[in-house]
Amino acid sequence: QSAVLDAVAVEDGIAHFQKPPANTFYYIKNPEIVIFEGELQLPGQFGINLLERVLDLALAYNIKRIFTGAAFPLPISHKQHPEVYGAANRDQAKELFKKFRIKAMEGGHISGLNGLMLGFAEKRNIEAVCLLATMPQYAIGLPNPKASLAIIEALSGIFGFKMDLSELGQYIKEMDEKMALIEDKVKDVFAIEEERHEPYHSDKKIPGYVMERVEKLFQEARHDKSKAITLKKELDRWDLYKVYEDRFLDLFKNNQ
């Protein structure tokens with residue numbers, strides 16, 4: 001819990017520690033897979049300690065290959081189907097990419113524990129692969145179920161399993177509607193590439209620095225609810241509250 005103790009939550013004048021993020025392992029027998037889910041990307045040494053614990057378990061269970069998932073932000077429209085790129089710590093993984101039509105990531109960096117796992121797994125002599133699904137650059141920080149679906153589809157091909165994705169499909173439809181609203185306001189700023197170019201109409205253009213400030217305020221408000229006041233003012237100022245309403249309200253649901 002000490003990894004996230006940078007604030008206390010307050011409700012009706014009473015302060016208390018927020019619930020620590022959960023880290024959970026799941027086991028599937030056929031095909032034999034161990035799944036690790038973490039609720040929060042821990043920073044710095046806390047994250048490295050978590051990686052080491054995950055790798056301890058991988059060695060204990062003789063796991064041969066680790067997969068992580070990440071986002072690949074690009075200046076694209078939400079209408080475009082995500083592509084899946086791959087990066088690995090072993091050359092033989094490139095054959096896996098070819099077999100399942102995964103594009104090898106040519107350059108750049110992968111931030112967070114999803115990327116660091118490749119390096120730390122190599123130190124333990126474990127093969128590791130990171131699959132990255134493309135998503136609109138302007139939507140960094142927003143849930144992107146369409147990108148998640150692309151990674152799940154790639155993994156289902158690799159492992160040969162099937163999943164009921166009906167619930168995810170409904171979530172994709174809901175997010176597409178929200179992304180369309182956001183895209184209408186930021187299209188000029190981010191030079192979005194579309195498969196079919198359509199005329200842009202907006203009565204209020206949103207500068208790029210505003211979108212960056214909104215995202216920063218969301219991140220700050222997750223740990224300091226007093227920042228939510230400033231965030232709400234900024235959203236109202238640019239007529240963005242309706243677009244981000246669900247995400248804004250989720251800031252407070254996390255403390256219930």
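Keep in mind that what you see is a predicted model, and the values were worked out from it rather than measured.

## With respect to the environment of A93
Following the sequence through the fold, A93 ends up in helix α2 (residues 93-99). Residues A93 and E127, spaced 34 residues apart in sequence, show a C-alpha to C-alpha distance of 8.4 Å. The residues touching A93, leaving out its near neighbours within four places in the chain, are A88, E127 and V129.

## Thoughts on unusual backbone geometry
Here N30 and P31 are connected by a cis peptide whose omega angle stands at 0°. When you line up the elements, P31 lands in the loop between β3 (23-28) and β4 (33-38). Of note in this structure, N125 is not a glycine but carries a positive phi near 65°. Among the structural elements, N125 can be located in the loop between α3 (113-123) and β8 (127-136).

## Regarding the environment of G69
Within the secondary structure layout, G69 lies in strand β5 (residues 65-74). Counting along the chain gives 64 residues from G69 to A133, while the straight-line C-alpha distance between them is 8.0 Å.

## A word on the nonpolar core
The biggest cluster of nonpolar side chains holds 24 residues, and the ones touching the most others in it are I182, V214, F218, L231, L235, Y244 and F248. Among the secondary structure elements, those contributing two or more residues to this core are α5 (166-190), α6 (208-223), α7 (227-237) and α8 (241-253). If sequence neighbours within four positions are ignored, F218 has contacts with L231, L235, Y244, R247, F248 and L251.

## Comments concerning the packing of helix α1 (residues 44-60) against α3
At a minimum axis separation of 10 Å, α1 and α3 run at an interaxial angle of 55°. Accordingly, the angle class assigned to the pair α1 and α3 is oblique. Pair α1 / α3 crosses with right-handed handedness. Note on element contacts: α3 touches α1 through L113, L116, M117, F120 and A121, opposite G47, I48, L50, L51, E52, V54 and L55. Across the contact of α1 with α3, the residue classes tally to ten nonpolar, one polar and one charged.

## Points about the pattern of salt bridges
By the definition in use, this model includes twelve salt bridges. The salt bridge involving R247 is made with E215; its shortest N-O contact spans 3.0 Å. One end of the pair, R247, is in helix α8; the other, E215, is in helix α6, with 32 residues separating them in the sequence. Accessibility expressed as a relative area gives 17% for R247, which makes it buried. The network of salt bridges with common partners includes E52, D56 and R124.

Calculation notes
Residues numbered from 1 in each chain as written. Predicted model: local features only at pLDDT ≥ 70, side-chain atom pairs only at ≥ 80, totals over all residues. Heavy atoms only, no water. Helix = DSSP H or I, 4+ residues; strand = E, 2+ residues; numbered from the N terminus. Contact = heavy atoms within 4.5 Å. Core = buried A, V, L, I, M, F, W, Y, C linked by side-chain atoms within 4.5 Å. Buried < 20%, exposed > 50% of the residue type's maximum accessible area, 1.4 Å probe, protein only. Axes fitted to C-alpha atoms, helices over the stretch in contact; angles between N-to-C directions. Parallel < 35°, antiparallel > 145°, perpendicular 65-115°, else oblique. Left-handed = near helix turned anticlockwise from the far one by under 90°. Nonpolar A, V, L, I, M, F, W, Y, C, P; charged D, E, K, R; others polar. Salt bridge = Lys/Arg side-chain N within 4 Å of Asp/Glu carboxyl O.

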